[in-house]
Amino acid sequence: MRPTDIKVPDYFHKVVDCQWACPAHTPVPEYIRLISAGRYSDAYMVNWESNVFPGILGRTCDRPCEPACRRGRVEEENIEKAEPVAICRLKRVAADNKDDITSRLPKAGKKNGKRIACIGAGPASLTVARDLVPLGYHVVVYESDKKAGGFMRTQVPRFRLPEEVIDEETGYILDMGVELRGGQHVDSLKKIVDEGYDAVFVGTGAPRGRDLDLPGRAEAARNIHIGIDWLSSVSFGHIEKIGRRVIVLGGGNTAMDCCRSSKRMGGEEVKVIVRSGFEEMKASPWEKEDAMHEGIPILNFMVPKSFEHTNGKLIGMMFEKVKAEFDAKGRRSLVPTGEPDELVPCDDVLIAVGQENAFPWIEKDIGLEFDKWGMPVVDKVTMQSTLPKVFFGGDSAFGPKNIIWAVAHGHEAAVSIDKMLSGEEITQRPDPNVRMLSQKMGIHEWSYDNDVSPEERHIVPWAAAEKTLKSIKIEVELGFDPKTGFKEAQRCLNCDVQTVFAKDLCIECDACVDICPMDCITFTPNGEEPDLRTRLTAPSLNPTQDLYVSDALKTNRVMVKDEDVCLHCGLCAERCPTGAWDMQKFLLEMAYAGPACRSNDAPQRKAA
């Protein structure tokens with residue numbers, strides 16, 4: 001194998017698995033250490049720089065970082081303890097305990113004469129505005145609702161996300177000088193383009209819920225509701241109650257919000273019914289757990305056949321029972337079990353079987369291409385459509401995902417807009433900034449806490465059910481208090497503090513091999529990667545994780561470290577008699593819109 005070039009930003013970035021997995025590439029260990037030190041405002045600002053909505057995401061994020069957390073892998077021999085750090089909930093610790101940070105936020109820059117229109121005031125559009133306003137752009141945000149927030153405000157229930165948190169974090173952006181045209185519905189993209197904006201960003205989400213065209217749908221329509229529309233009506237106070245018996249159709253997070261909201265709106269017998277298996281549901285595992293914790297059963301392998309009614313009054317739904325079968329190629333199909341169809345009585349049905357994009361307001365002759373699914377053709381890196389001045393992001397670009405993806409899209413679109421309006425090629429993307437700093441303060445002392453906490457993942461406390469189930473507005477999760485937040489933060493393995501090896505200082509005494517608690521360091525003759533992986537001190541079980549390989553040493557052996565299981569404890573660096581090992585903090589700072597992205601001297605990478 002060739003020696004590892006640790007100067008390539010992606011190498012150590014991929015070792016910080018949580019940051020690598022986060023679409024916005026939030027430097028997770030950095031802000032967790034700040035929480036450990038009680039520096040909540042600093043931790044909040046590290047988050048705000050990348051993910052824009054720390055308080056909102058600390059309650060609602062889909063947590064792609066947590067399955068990637070190294071903690072779950074190095075403990076997997078003891079399955080009961082193989083739990084990732086509660087990264088998402090620690091984000092909320094920073095948000096809940098910070099001081100007033102308004103003085104630390106950027107202000108609107110000197111006007112540069114360029115005007116940007118953002119359609120929709122959801123997380124993608126607000127991220128674009130946040131990045132461009134300090135650069136002197138005048139950003140106008142059009143929103144059909146009176147207040148900003150998009151689906152964060154209209155579809156996430158208040159028992160999960162209090163309105164004051166939305167107001168606070170959208171307010172930080174609006175107060176920078178964004179012109180919000182609330183209550184102004186856009187019914188024509190051509191009209192917006194013709195107003196002379198220099199660029200237009202579309203962040204309208206996926207506003208249409210899928211329906212089910214089944215017998216009885218039209219006759220019983222009064223008590224059959226589209227899930228996302230119903231949640232919006234609840235959010236705005238247009239709906240205050242629901243029937244005693246409720247069926248929620250669908251297995252995603254929207255279905256979980258619908259069933260839990262129904263429980264608070266008068267539903268005494270609330271059931272979630274899905275056509276697939278429980279494990280195949282798209283809802284996050286914790287969302288399913290929360291619903292079941294509140295006494296909501298999830299019935300699976302039941303295919304809806306009809307809405308049953310008496311003279312237009314809904315009385316129940318008929319379901320066919322199915323089972324999963326797999327063919328020789330492993331492809332799954334649902335086949336009838338042969339059991340009789342089952343009637344499930346109900347008073348109301350909420351349909352949450354998926355969301356679709358709807359662009360009736362975009363003219364077909366405007367020069368914008370759509371694919372066969374009715375989605376705009378959008379470059380996945382630059383976010384540019386086939387109409388050069390028009391960009392898309394969030395759910396409106398590639399279909400329903402989540403808030404953190406919308407934020408990531410917004411950052412990339414802002415870079416593209418800034419480069420385009422500066423006369424630069426937008427496919428040339430700026431490299432992130434990388435900083436490496438030794439953490440050595442003495443022979444056996446480090447500037448970070450390198451002890452590995454043995455504690456199991458802490459449970460976020462809930463408010464009493466007798467209170468939360470009576471009101472749609474009482475937040476269920478209480479969040480970690482500072483003491484518990486500190487304990488949970490101590491579980492972080494500091495994966496961004498890297499073991500850096502200097503071959504010229506190594507005397508091949510193997511002291512680092514002897515002291516390593518994970519057997520992740522090996523000195524061995526070089527070879528092809530598949531062969532080399534078989535000769536490591538401990539088996540290399542994750543081929544997707546790169547190995548750290550040195551150049552040839554004096555004995556012609558190479559040092560090989562399996563990054564997959566390293567604890568970043570620093571014992572190798574403490575034990576090394578020559579200082580061949582050092583612990584260096586790797587900080588990857590993503591490049592956002594601004595002068596660094598426009599500079600011809602800045603490192604650039606070609607968009608794929």
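This is a predicted model, so every value here is computed, not measured. (Residues numbered from 1 in each chain as written. Predicted model: local features only at pLDDT ≥ 70, side-chain atom pairs only at ≥ 80, totals over all residues. Heavy atoms only, no water.)

> So what's going on with the overall build of the protein chain? Which residues, and what values?
Helix and strand counts for the protein chain come out as 23 helices and 26 strands. Taken against the 2.2 N^0.38 rule, which gives 25 Å for 608 residues, the C-alpha radius of gyration of the protein chain at 27 Å falls within 12% of a compact globule. Dimensions of the protein chain, computed from C-alpha atoms along their principal axes, come out at roughly 90 × 65 × 50 Å. Sorting the 608 residues of the protein chain into buried and exposed places 55% on the buried side. Pairs at least 24 apart in sequence give 72% of the contacts found in the protein chain among residues at least 6 apart. A total accessible area of about 26,700 Å² is found for the protein chain, and carbon and sulfur atoms account for 51% of it. Between the centroid of the 78 positive side chains of the protein chain and the centroid of its 93 negative side chains there is a distance of 3 Å. (Helix = DSSP H or I, 4+ residues; strand = E, 2+ residues; numbered from the N terminus. Rg over C-alpha atoms; globule rule 2.2 N^0.38 Å. Buried < 20%, exposed > 50% of the residue type's maximum accessible area, 1.4 Å probe, protein only. Contact = heavy atoms within 4.5 Å. Areas by Shrake-Rupley, 256 points an atom, 1.4 Å probe, with all protein chains shown as cover. Lys, Arg positive; Asp, Glu negative; His and termini not counted. Charge placed at Lys NZ, Arg CZ, Asp CG, Glu CD.)

> So what's going on with the pattern of salt bridges? Residues and values would help.
When charged atoms on two side chains of opposite charge get close, those side chains can pair. The tally for this structure, following the rule as stated, stands at 50 salt bridges. In this structure, E179 engages R181 in a salt bridge whose closest nitrogen and oxygen atoms are separated by 2.9 Å. For E179, a relative accessible area of 28% gives the class partly exposed. The class of R181 is partly exposed, set by a relative accessible area of 23%. Across the pair E508 and R557 runs a salt bridge whose closest N-O atoms are separated by 3.2 Å. With E508 in the loop between β21 (497–501) and α20 (511–515) and R557 in strand β24 (residues 557–562), the pair connects residues that are 49 residues apart, well separated along the chain. One continuous salt-bridge network, built from bridges that share partners, spans E30, R33, D496 and K585. (Salt bridge = Lys/Arg side-chain N within 4 Å of Asp/Glu carboxyl O.)

> I'd like a rundown of the sheet that holds β21, residues and numbers included.
Pairing between the strands of a sheet is mediated by backbone hydrogen bonds and can be parallel or antiparallel. Across the sheet, which stays open at both edges, the 3 strands sit in the order β18-β25-β21 with antiparallel pairing between neighbours. The open sheet terminates on both sides in strands that have one partner only, identified here as β18 (433–438) and β21. Averaged over all adjacent pairs, the angle separating strand axes in this sheet is 40 degrees, with direction ignored. Strand direction decides the pairing type here: β21 and strand β25 (residues 581–589), joined by 5 bridges, are antiparallel. The partner of Q498 across the bridge, within β25, is Q584. (Pairing = 2+ DSSP bridges. Axes fitted to C-alpha atoms, helices over the stretch in contact; angles between N-to-C directions.)

> Can you break down the packing of aromatic side chains residue by residue, with the values?
Evaluated as defined, the whole model comprises 11 aromatic pairs. Relative to Y172, the ring of Y44 lies with its centre 6.5 Å away and its plane at 80 degrees, an arrangement referred to as edge-to-face. On the criterion of sequence distance, the pair formed by Y44 in helix α4 (residues 40–51) and Y172 in helix α11 (residues 163–174) is long-range, its members being 128 residues apart. A network of ring pairs unites the aromatic residues Y11, F12, Y548 and F586 as a single cluster. In this arrangement the basic side chain of K98 is found over the ring face of Y44, its NZ or CZ atom lying 4.8 Å from the centre. (Phe/Tyr/Trp six-rings, centres within 6.5 Å; stacked < 30°, edge-to-face > 60°. Lys NZ or Arg CZ within 6 Å of the ring centre and 35° of its normal.)

> So what's going on with the side chain of D17? Residues and values would help.
For D17, the position within the fold is in helix α2 (residues 17–21). Excluding anything up to four places from it in sequence, D17 contacts A68, R70, R73 and Q545.

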